[in-house]
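Letter by letter, the chains look like this.
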Amino acid sequence: MIAIYVFLSVMLSCKSSPQQTPELKESMARGAMVYEDFCMNCHMPNGEGVPNAFPPLASADYLMNKRLESIRAVKYGLSGEITVNGQIYNSTMAALGLSDVEVADVMNYVLNSWGNADGKIVTPSEVSKIEP
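Structure report, in brief.

This part is about the overall build of the protein. Across its full length, the protein holds 6 helices and 2 strands. Put simply, the protein runs from its N terminus to its C terminus through helices and strands in the order α-α-α-α-β-β-α-α. Here the protein holds 132 residues, and 42% of them are scored as buried. Long-range pairs, those at least 24 residues apart, make up 61% of the contacts in the protein with a sequence separation of at least 6. With an accessible surface of roughly 7100 Å², the protein has 59% of that area assigned to carbon and sulfur atoms.

Set out below in C-alpha cells:
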C-alpha cells in the first residue's frame, strides 16, 4: 500500500513541474523507493516530519537554501541543530549507508516533491565530491 502511495506521489509531482527532464523523473522514481525504505519512518509518507523531533522535508527552506548540507546529511548523517522553516531541530540522523546513486536519487525525489521545486538534478558525481 505504501509503495502505491509513493508511486502515485512521484507520478503526480512529476506532472506538476514542466521543467523536469526525463532523466530527473526517472531519478525521482528510483528515489521514491529509497525514501520509502530509509526515510519515511522519520519524515513520514508526506514529508511533513514529526514536530519537535524530525524536520519536515515538505516545503522545506533548508533543502532549498542548503543544497550541499542537505546532500551531506543524507550521505553521512547529521547531528546538531538545524533550522527548518523557522523551527529548530536537534536530532541525530544516522548515516544510511546509501550509494552515491541512491543519495542522488532520493535527493532528486525530495527536492522536487511536496511543494519543493528545485528542478536542478543532483548527480552521483556531485554526491561523490561531498566530503564529511
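Next comes the rest of the account.
Another aspect to go through is the packing of aromatic side chains. What the rule picks out here adds up to 3 aromatic pairs. Judged by centre distance (5.1 Å) and plane angle (55°), the rings of Y35 and W114 are tilted. With Y35 in helix α2 (residues 22-43) and W114 in the loop between α5 (100-111) and α6 (124-128), this pair connects stretches of sequence that are 79 residues apart. Grouping residues by exposure puts Y35 and W114 together as buried. Here the aromatic rings of Y109 and W114 are separated by 5.2 Å at their centres, their planes lie at 80°, and the arrangement is edge-to-face. Take Y109: its relative accessible area is 0%, and that puts it in the buried class.

Among the secondary structure elements, M93 is positioned in the loop between β2 (87-89) and α5. On the basis of relative accessible area, M93 is assigned to the partly exposed category, the value being 25%. Separated by 20 residues in sequence, M93 and A73 place their C-alpha atoms 7.6 Å apart. Leaving out residues up to four positions away in the same chain, M93 has contacts with A73, V74, G77 and L78.

Take the nonpolar core next. The biggest cluster of nonpolar side chains holds 27 residues, and the ones touching the most others in it are Y35 and V110. The element that contributes the greatest number of residues to this core is α5, accounting for 7 residues.

In this section: the packing of α2 against α5. Any two packed helices are characterised by how steeply their axes cross, that is the angle between the axes, and by the distance between the axes. Between α2 and α5, whose axes approach to 6 Å, the crossing angle comes to 100°. One way to sum up the angle between α2 and α5 is to call them roughly perpendicular. Together, L24, S27, M28, R30, G31, A32, V34, Y35 and C39 of α2 and E102, A104, D105, V106, N108, Y109 and V110 of α5 make up the contact between the two elements.

The next thing to look at is α2. The end-to-end C-alpha distance of α2 is 26 Å, clearly below the 32 Å that 22 residues give at a rise of 1.5 Å each. Where α2 bends most, the angle comes to about 55°, and this point is D37. Taken residue by residue, α2 has L24, S27, M28, G31, A32, V34, Y35, C39, M40 and H43 as its buried positions. A positive backbone phi angle near 70° is found at M44, which sits one or two residues after α2.

Before going further, it helps to spend a moment on the pattern of salt bridges. Counted by the stated rule, this structure contains 4 salt bridges. Among the salt bridges present, the one from R30 reaches D105, with a minimum N-O distance of 2.8 Å. In this pair, R30 is assigned in helix α2 and D105 in helix α5, connecting sequence segments 75 residues apart. Residue R30 is classed as partly exposed on the basis of its relative accessible area, which comes to 42%. A salt bridge links K75 to D100; the nearest nitrogen and oxygen atoms lie 3.3 Å apart. Here K75, found in helix α4 (residues 67-76), pairs with D100, found in helix α5; they are 25 residues apart in sequence, far enough to count as distant. Judged by its relative accessible area of 25%, D100 is partly exposed. What emerges from the salt-bridge pattern is a single network uniting R67, D118 and E126.

Conventions we followed
- Residues numbered from 1 in each chain as written.
- Predicted model: local features only at pLDDT ≥ 70, side-chain atom pairs only at ≥ 80, totals over all residues.
- Heavy atoms only, no water.
- Helix = DSSP H or I, 4+ residues; strand = E, 2+ residues; numbered from the N terminus.
- Buried < 20%, exposed > 50% of the residue type's maximum accessible area, 1.4 Å probe, protein only.
- Contact = heavy atoms within 4.5 Å.
- Areas by Shrake-Rupley, 256 points an atom, 1.4 Å probe, with all protein chains shown as cover.
- Phe/Tyr/Trp six-rings, centres within 6.5 Å; stacked < 30°, edge-to-face > 60°.
- Core = buried A, V, L, I, M, F, W, Y, C linked by side-chain atoms within 4.5 Å.
- Axes fitted to C-alpha atoms, helices over the stretch in contact; angles between N-to-C directions.
- Parallel < 35°, antiparallel > 145°, perpendicular 65-115°, else oblique.
- Expected span 1.5 Å × (residues − 1).
- Bend = angle between axes of the 7 residues up to and from the residue.
- Salt bridge = Lys/Arg side-chain N within 4 Å of Asp/Glu carboxyl O.

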